[in-house]
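Analysis of the macromolecular model
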Amino acid sequence: MFSAFQLILTDNHARARNALTLGAPPPATDRTVDMVVLNQGHGDIGRFESWDAGALDANLVAPMVASGIRANILILDFCLSASLLPAMAPLCAPGGMIVSALYSVSDVVMTSAFWSEIKPNLDMGNIGGLRGQVMDRLRRMAAELTGFANLRTVQGWTEAETMKEINANPNDREFLSIARYLPSLALSLSNATLTLPQLYAQLKAVKDKPALGFAEQQILAALPNAAAAFDAAERSGIETQFSERLYEILTLPKYGLQENVAGAPTFEGDGSLWQRVLRARPQLLALATGLPRCPTPFTVWNESRRALSLDAALALDPIPATAASLIREIEWQAPEDVETILSRITNTAAVSLLDQQLDYLQ
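Here's a quick rundown of the structure. All residue numbers refer to position in the chain's written sequence, counted from 1. It should be noted that, the model being predicted, local features are given only for residues of pLDDT at least 70 and side-chain atom pairs only at 80 or more, the latter also being counted only at that level, while totals for whole chains, interfaces and linings use all residues. By convention in this description, side-chain values take in all heavy atoms of the structure and omit both hydrogens and water.

1. Focus on the side chain of Thr-296
Structurally, the position occupied by Thr-296 is in the loop between helix H13 (281-285) and strand S8 (298-302). Relative accessibility under 20% of the residue-type maximum defines a buried residue, over 50% an exposed one, and the middle range a partly exposed one, all with a 1.4 Å probe and only protein chains included. Judged by its relative accessible area of 1%, Thr-296 falls in the buried class. Within the local environment of Thr-296, its side chain forms a polar contact with the backbone nitrogen of Phe-298, the two atoms lying 3.1 Å apart. When sequence neighbours within four positions are dropped, the list of residues in contact with Thr-296 reads Tyr-103, Ala-142, Asp-311, Leu-314, Tyr-360, Leu-361 and Gln-362. Each helix is a run of DSSP H or I of at least 4 residues and each strand a run of E of at least 2, with the numbering of both proceeding from the N terminus. Counted as a polar contact is a pair of N or O atoms within 3.5 Å, where, for protein atoms, one must be capable of donating a hydrogen and the other of accepting one, and residues adjacent in sequence contribute only when both atoms are in side chains. Here, two residues are considered to be in contact whenever any of their heavy atoms come within 4.5 Å of each other.

What follows is the structure, given as structure tokens:
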């Protein structure tokens, strides 16, 4: 059994077919592959780059199946890839799984960092471990999409709207504060051109926000009541507390980041504490459990059951308004793409059952 191999698809379909035509395997030879990933290309409904379903079947799937090559885990890692499930399903080994997407997202599942994470299990041929890691990766991506889909709305709330959310879900205050108020503090504290009175006015405006998180309140606790009493020493103290807050967010397990930030500056450069927190805002905002979950685009097809697991909201026709609004924050055409793909693949030889799960992968 092989762990994984790389196949680069070009516009030369015949060359791929010839490369994959190995002949039937000798007796007792197992050509099952632990994982096959198809990515690094543009996907559309019924297409991956220049490969439509017919081309994939004739030049990729059929020769691999005839050669005894199947995959325990097949990841169709491109936009709208679920539309090609019927074409790719024969490549899945008995009891295997296929990961695909119902609408477009900008990130891929198989990043170089994730390849490094799974390498030990690949090397050992640990299929159960690989499955667990893939599912964990999909959960992390689903959470990030929920945070991203809610971010613009949360930032646009009034203080009254924010307090209404906090009153309903008190534990969300911290994560809402990270999304709404930390950027203002960062913008002010990183601006070396501000005079002390100017900086004081901006910090005081944040301190007076009713929905400010308790950790952010602590950063500004030493801010005096009058601008005349604000000096360079107090500015330095606030900057130190701000840096310590960023360090907490990036390293404490409760936030789910746990990055190595040794020696990182507060503001300077892409690897600074602030830039890291800024990039992680969607993941952090997703920790606010009172926010609606954005239906994940990711699906998992189970070969044994011919069942496609997906978010229950996406299987409804029409998709509920709240869910549709959230996935449009990710991709404007998403609701229409989901409906088109599901109408094409449901009740086919590949997909006999939709396994609808509430807040799937979240």
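Back to the text.
2. A look at the sheet that holds strand S4 (residues 47-48)
With respect to topology, 3 strands assemble into an open sheet ordered S3-S4-S5, the strand pairing being antiparallel. Every other strand in the sheet has two partners, leaving strand S3 (43-44) and strand S5 (51-52) as the edge strands with one partner each. Two strands form a pair only when DSSP identifies at least two bridges running between them. When S3 meets S4, the two strands line up antiparallel, connected through 2 bridges. Following the sheet pairing, Asp-44 is matched in S4 by Arg-47.

3. A short note on the pairing of S8
In terms of burial, S8 is largely enclosed, as 4 of its 5 residues are buried. Where strand S7 (residues 92-101) lies against S8, 5 bridges are found, and the strand directions are antiparallel. For Ser-100, the partnering residue across the bridge sits in S8 and is Thr-299. In this structure, S8 lies alongside strand S9 (residues 307-311), joined through 3 bridges in antiparallel fashion.

4. Observations concerning the state of the cysteines
Only a pair of cysteine sulfur atoms within 2.5 Å qualifies as a disulfide here. Using the criterion set out here, one finds 0 disulfides in the structure. Counting only cysteine sulfurs, Cys-294 is the nearest neighbor of Cys-79, a cysteine outside any disulfide, at a range of 14 Å.

5. Considerations on unusual backbone geometry
A cis geometry characterises the amide bond from Asp-317 onward to Pro-318, with omega recorded as 0°. Backbone geometry places Leu-80, a non-glycine residue, at a positive phi of 60°. Positive phi outside glycine occurs at Asp-359, with the angle close to 50°. One can find Asp-359 in the segment after strand S10 (353-357).

6. A look at the pairing of strand S2 (residues 33-38)
The buried count for S2 comes to 6 of 6 residues, which makes it a mostly enclosed element. Pairing of S2 with strand S6 (residues 71-76), which is carried by 5 bridges, proceeds in the parallel orientation. When the sheet's bridge partners are listed, Met-35 is paired in S6 with Ile-73.

7. As for the pattern of salt bridges
A pair is scored as a salt bridge if a Lys or Arg side-chain nitrogen falls within 4 Å of a carboxyl oxygen belonging to Asp or Glu. Counted by the stated rule, this structure contains 15 salt bridges. Two residues, Lys-119 and Asp-123, come together in a salt bridge whose shortest N-O distance is 2.7 Å. Taken as a pair, Lys-119 and Asp-123 lie in helix H4 (residues 112-124) at a separation of 4 residues, close to a single helical turn. The class of Asp-123 is exposed, set by a relative accessible area of 53%. A salt bridge links Lys-254 to Glu-174; the nearest nitrogen and oxygen atoms lie 3.1 Å apart. Here the residue Lys-254 occupies a position in the loop between helix H11 (232-251) and helix H12 (273-279), and Glu-174 occupies one in helix H7 (residues 173-180), the gap between them amounting to 80 residues. Taken together, the shared-partner salt bridges in this structure form one network comprising Glu-174, Glu-216, Arg-245, Glu-248 and Lys-254.

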